[in-house]
Amino acid sequence: MPDSDLSEFRSEASEFRSRGQRMSSLASVQPLTRELGGLLAPGQGWKQQVSAVHRELTKPSFASCLEALTWNRVKTWFFGEARRIDFEEVVALRELKALEEAKREQREFIATTNRLAAALAAEGASLSRVQMEALARIAGRPIDVPGNHDAGSSGALRGLACAGVPVGGRL
């Protein structure tokens, strides 16, 4: 029975290419899984890291959810023992890594923004309400500015005040 729909015979080039792609996928899965384990469960043992990767890859809210993925399958990736890796699995791992890196970068950006606001406040720089709101928008969340709120405001401004940024009175 031929393995290809296009030809009765396999060519040496196609066999070499598919074997090479398979090997590169297998070789890239172990470091990718270990890196994800480190991002999802930093400082934890391998079991917690494998569990964290498995949990994230099987979440229904994850776009590339692998519903039938088992914990043992993830463990074989973690230790480089898998005999094969499916394309969907590689895509899911790469997508999860991209999402986790984006989350980490956003947390770092918010922390930097909060440190900047705290440093400006510590230097005695008086920030206007507009400037504080702009910093909060940059950080991706609202800010609590006590004092003069518009009548239509429901006090929905929250954020940098919890980060230790003194925002009292009129800004």
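Here is a short report on the structure shown in this document. The shown structure was predicted, so the numbers you read here are calculated from the model rather than taken from an experiment.

### Considerations on the nonpolar core
- Judged by nonpolar contacts, the single largest core of 19 residues is most densely connected at Leu57, Trp77 and Leu93.
- Breaking this core down by element, the ones donating at least two residues are helix H1 (12–40), helix H2 (46–57), helix H3 (71–78) and helix H4 (87–122).
- Setting aside its immediate chain neighbours within four residues, Leu93 contacts Val29, Leu32, Thr33, Leu36, Val53, Leu57 and Trp77.

### Overview of the packing of aromatic side chains
- This model, assessed by the stated rule, comprises three aromatic pairs.
- A ring pair is formed by Trp46 and Phe79, whose centres lie 5.1 Å apart and whose planes are at 75 degrees; its orientation type is edge-to-face. In this pair, Trp46 is assigned in helix H2 and Phe79 in the loop between H3 and H4, connecting sequence segments 33 residues apart.
- A relative accessible area of 31% means that Phe79 is categorised as partly exposed.
- Through a chain of ring-to-ring contacts, the aromatic side chains of Trp46, Trp71, Phe78 and Phe79 assemble into a single cluster.
- Above the face of the Phe78 ring, Arg34 is positioned so that its terminal group lies 4.4 Å from the ring centre.

### Digging into the environment of Thr70
- Along the polypeptide, Thr70 turns up in the loop between H2 and H3.
- Taking relative accessible area as the criterion, Thr70 reaches 43% and is therefore assigned partly exposed.
- Separated by 16 residues in the primary sequence, Thr70 and His54 have C-alpha atoms spaced 7.4 Å apart.

### Notes on the pattern of salt bridges
- By the definition in use, this model includes seven salt bridges.
- Across the salt bridge formed by Glu35 and Lys97, the nearest N and O atoms sit 3.4 Å from each other. With Glu35 in helix H1 and Lys97 in helix H4, this residue pair connects regions lying 62 residues apart in the sequence.
- Across the pair Arg84 and Asp86 runs a salt bridge whose closest N-O atoms are separated by 2.9 Å.
- A cluster of three or more residues bridged by salt bridges with shared partners is formed by Glu35, Lys97 and Glu101.

Rules of the game
- Residues numbered from 1 in each chain as written.
- Predicted model: local features only at pLDDT ≥ 70, side-chain atom pairs only at ≥ 80, totals over all residues.
- Heavy atoms only, no water.
- Core = buried A, V, L, I, M, F, W, Y, C linked by side-chain atoms within 4.5 Å.
- Buried < 20%, exposed > 50% of the residue type's maximum accessible area, 1.4 Å probe, protein only.
- Helix = DSSP H or I, 4+ residues; strand = E, 2+ residues; numbered from the N terminus.
- Contact = heavy atoms within 4.5 Å.
- Phe/Tyr/Trp six-rings, centres within 6.5 Å; stacked < 30°, edge-to-face > 60°.
- Lys NZ or Arg CZ within 6 Å of the ring centre and 35° of its normal.
- Salt bridge = Lys/Arg side-chain N within 4 Å of Asp/Glu carboxyl O.

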